[in-house]
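Structural characterization, general
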Amino acid sequence: MSDKHEILKPASWREDEQGVPRSLEYGDVYHGAAGALPQARHVFLAGNGLPGRWRGRAAFTIAETGFGLGHNFLAAWRAWLDDPARSGRLHYLAFEAHPFAAEDLLRAWRRLPDECRPLAHELAGRWPALLPGVHRLELQDGRVVLTLMFGDIRRLARQAQARVDAFFLDGFAPRVNPDMWSPAVFGQLRRLAVAGATAATWCAAGQVRRDLRDAGFLVEKAPGLAGKREMTVAVLRPGLGAAPPEPDRRRVAVVGGGLAGAGVAQALAARGHEVEVWDPLCALDVDPALRRRGAAALVPALSPDDDTRSRLSRAGLARARARWLDLDGPARPQACGALVCAQSEAQADLQRRALARLGFPADWVRWLDPAQAGLRAGVGVPWGGLWFAEALRACPGELIAALLSLPGVTRRACAVGALAAAPGGGWSLRDAEGRELGRADHLVLANALHAPALLAGVVPVEPLAVLSRLAPLAGQVSLYPAGDAAVPRCVLSGRGYCLPPRDGWGVAGSTYRPDASEAVADEAGHQDILARVRDWVDARDIPWLGRGAAVGWAGWRAATRDHLPVIGPVPDRPGLWLACAYGSRGLSWSALAGDLIGAWMDGEPVPAERELVRRIAPR
């Protein structure tokens, strides 16, 4: 087991004799007898000069140590909504070692005033599975963004990336939860703070005030609430902290109109940027009937030690669901779930032991024995497998077409042959003869195997070892006429995969040909796929598989040696970004990459831990 993995212990609470919720884990109250919302308004909002300080800002970021029952967040959201001069966006970053299940939150919110109830129900409807790591929730049509970091704050404070204007310090009392108030945590909060950042807490302990001063804050006493004589307020010392981000509308060029480019385009357009996607195939004049035949699955990886790929794929699935499940028509992925089938009894045992070791919640992943798996899938599964309820089946062609047609995205059906730094800043896109095609403030290379060649014109590629080792992998999938068949009922994944039919077509895949000179679909490939799938599923239960003439689709994947994508800013080239090397996980990385680049570009809380970001950075 990796020492980075943490099994979350969900919180539980009961009301004391005064009706105040009390933690069963720490034996402390979640708020004082005066009430959660009055405390939030007096201590945390007024203590940080809010709502006044967010007025006129494009965005404002609050960070809270200890999300608890969410009352401080709901109070801040309500105050932001009630302020006609509010910031364009409100970001809220919160750390929580023991998160609540949604039903426990709803129980705690039953006494909320009417003006807060719609907010609470919207939050409950988007509440994530209780998995360790970072969860980004977009509320109020994306204008309020809650970034939750589930796990021990001693580790996660070091993993957070944000530029924070105000801190709500609301952990349980230092005597029962000293880790929340440690100098190490305060030092990380100082790292996150922008110039002029403030902090407020109900805690008046002398050691807490001294540690805040040592971390770089000017600390004062302030009147407390409802019989509590004092609280603490603080402001970052002058000369410390970065400038607050002020996102504005930028012109962004994305080179590459596949899944990588489409995911970036959607995320940046949603933030108000003007996006141009450059690709010879951007005309989208492919026959829609042909487009709908294709299919692919987004299934999270799971490893016994919860490695980098597993953690990133969880985040990728969450971002894909958030970004794509509101799309219309055939572009909307099918939330059918996936069964990762064991290939033998020995592997089934390994799957069961991995689940026990990881301690993930059963509503996110659970083991199904052969009988349960067969009922779920509608086909025989000899050794059972892992059931991922949130996995998706998507039609990539329809998805890409929809994302490239969103407001704020313009398609340029043209090949980019070279890049150059533009006079005065930004980037110039040129054709193969050197003629300028357009300019942009930021440029994202999302063109897979072609990215290194374009990049080589403006930066030495040799120091970026991950790009020099980028490998092409040819592969194909098989498409069969499925008629009215409705099996399998979920994604089946193992040594190969088999997808639920859609629009009369079933899909099975796929081949990997690392030494191929061209990507072609042939009969040998169809037979290879059939052999793979028949090893771990009863193919007799799938009437279309291997029956009739298969239609093949072939293409190239760009993969790194560690099978991780390359996402992030190009070193020493401001405004130049990479989003490539997705391998066979284009759906997994597409939306996540877009939100990572968007968060970095706009100075938002980043929806992934720093250590994960480092492992996928251009390097």
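This text goes with the structure placed above it.
About the thresholds
Numbers given to residues run from 1 along each chain, matching the order in which its sequence is written. This being a predicted model, a pLDDT of at least 70 is required before a residue's local features are given, and a value of 80 or more before pairs of side-chain atoms are given or counted; all residues contribute to the totals for chains, interfaces and linings. Only hydrogens and water are set aside; all other atoms, that is, all heavy atoms of the structure, feed into the side-chain values. One requirement defines pairing of two strands: DSSP has to find at least two bridges between them. Put simply, DSSP H or I for four residues or longer makes a helix, DSSP E for two residues or longer makes a strand, and each gets a number counted from the N terminus. A fitted line through C-alpha atoms serves as each axis, taken over the contacting stretch for helices, and the angle formed by two N-to-C directions is quoted from 0 to 180°. By definition, a salt bridge exists where a carboxyl oxygen of Asp or Glu is found within 4 Å of a side-chain nitrogen of Lys or Arg. Here the term buried applies to any residue with accessible area under 20% of the maximum for its type, exposed to any over 50%, and partly exposed to those in between, with areas from a 1.4 Å probe on protein chains only. Helices are assigned an expected span. That span is 1.5 Å times one less than the residue count. Residue contacts are counted whenever heavy atoms from the two residues lie within 4.5 Å of one another. Angular relationships are summarised with four words: roughly parallel below 35 degrees, roughly antiparallel beyond 145, roughly perpendicular across 65 to 115, and oblique for the angles in between. Handedness of each helix crossing follows the sense of rotation of the near helix against the far helix: counterclockwise by less than a right angle gives left-handed, clockwise gives right-handed. Note on residue classes: Ala, Val, Leu, Ile, Met, Phe, Trp, Tyr, Cys and Pro are nonpolar, Asp, Glu, Lys and Arg are charged, and everything else, Gly too, is polar.

1. Regarding the sheet that holds strand 22 (residues 442-445)
- With mixed pairing, 6 strands are arranged side by side in an open sheet as 18-12-11-22-29-28. Both outer strands of the open sheet, strand 18 (409-412) and strand 28 (566-569), are each paired with one neighbouring strand and no more. The average angle at which neighbouring strand axes cross in this sheet is 20°, direction not considered.
- Where strand 28 lies against strand 29 (residues 576-580), 4 bridges are found, and the strand directions are antiparallel. Residue Ile-567 lies in a different strand from strand 29, and its bridge partner there is Ala-579.

2. Focus on the pattern of salt bridges
- In total, this model carries 42 salt bridges according to the counting rule given.
- A salt bridge links Arg-319 to Glu-138, with the shortest nitrogen-to-oxygen separation between them at 3.3 Å. With Arg-319 in helix 10 (residues 308-324) and Glu-138 in strand 5 (residues 133-139), this pair connects stretches of sequence that are 181 residues apart. Glu-138 shares its class with Arg-319; the two are buried.
- Residue Asp-602 is joined to Arg-250 by a salt bridge in which the shortest nitrogen-to-oxygen separation is 3.3 Å.

3. Let's talk about helix 17 (residues 586-602)
- Here helix 17 contains 17 residues, and its C-alpha end-to-end distance of 24 Å stays within 8% of the 24 Å for a straight helix at 1.5 Å per residue.
- Here helix 17 lies mainly inside the structure; 17 of its 17 residues are buried.
- Looking one or two places after helix 17, you find Gly-603, whose phi comes out positive at around 70°.

4. Regarding the side chain of Ser-313
- Checked against the element boundaries, Ser-313 lands in helix 10.
- When neighbours within four sequence positions are excluded, Ser-313 is seen to be in contact with Pro-300, Ala-301, Arg-585 and Trp-589.

5. A few points about unusual backbone geometry
- Cis geometry is found at the peptide bond from Leu-50 to Pro-51, where omega equals 15°.
- Residue position: Pro-51 is located in the loop between helix 1 (36-45) and strand 3 (59-65).
- For the peptide bond that leads from Val-487 to Pro-488, omega is -5°, which places it in the cis range.
- Looking at where Pro-488 falls in the secondary structure, it is placed in the loop between strand 23 (471-481) and strand 24 (491-494).
- Of note in the backbone geometry, Gln-140 takes a positive phi value of approximately 50° without being a glycine.
- Taking relative accessible area as the criterion, Gln-140 reaches 16% and is therefore assigned buried.

6. Some points on the packing of helix 2 (residues 71-82) against helix 4 (residues 117-125)
- Between helix 2 and helix 4, whose axes approach to 10 Å, the crossing angle comes to 125°. Our classification of the angle between helix 2 and helix 4 gives oblique. Once helix 2 is placed against helix 4, the crossing between them reads as right-handed. Contact with helix 2, carried on its side by Phe-73, Leu-74, Trp-77, Arg-78 and Leu-81, involves Leu-119, Ala-120, Glu-122 and Leu-123 of helix 4 and no other residues of that element.
- Among the residues forming the contact of helix 2 with helix 4, the class breakdown is 7 nonpolar, no polar and 2 charged.

Take it as geometry only, folks, not as evidence of what the structure does.
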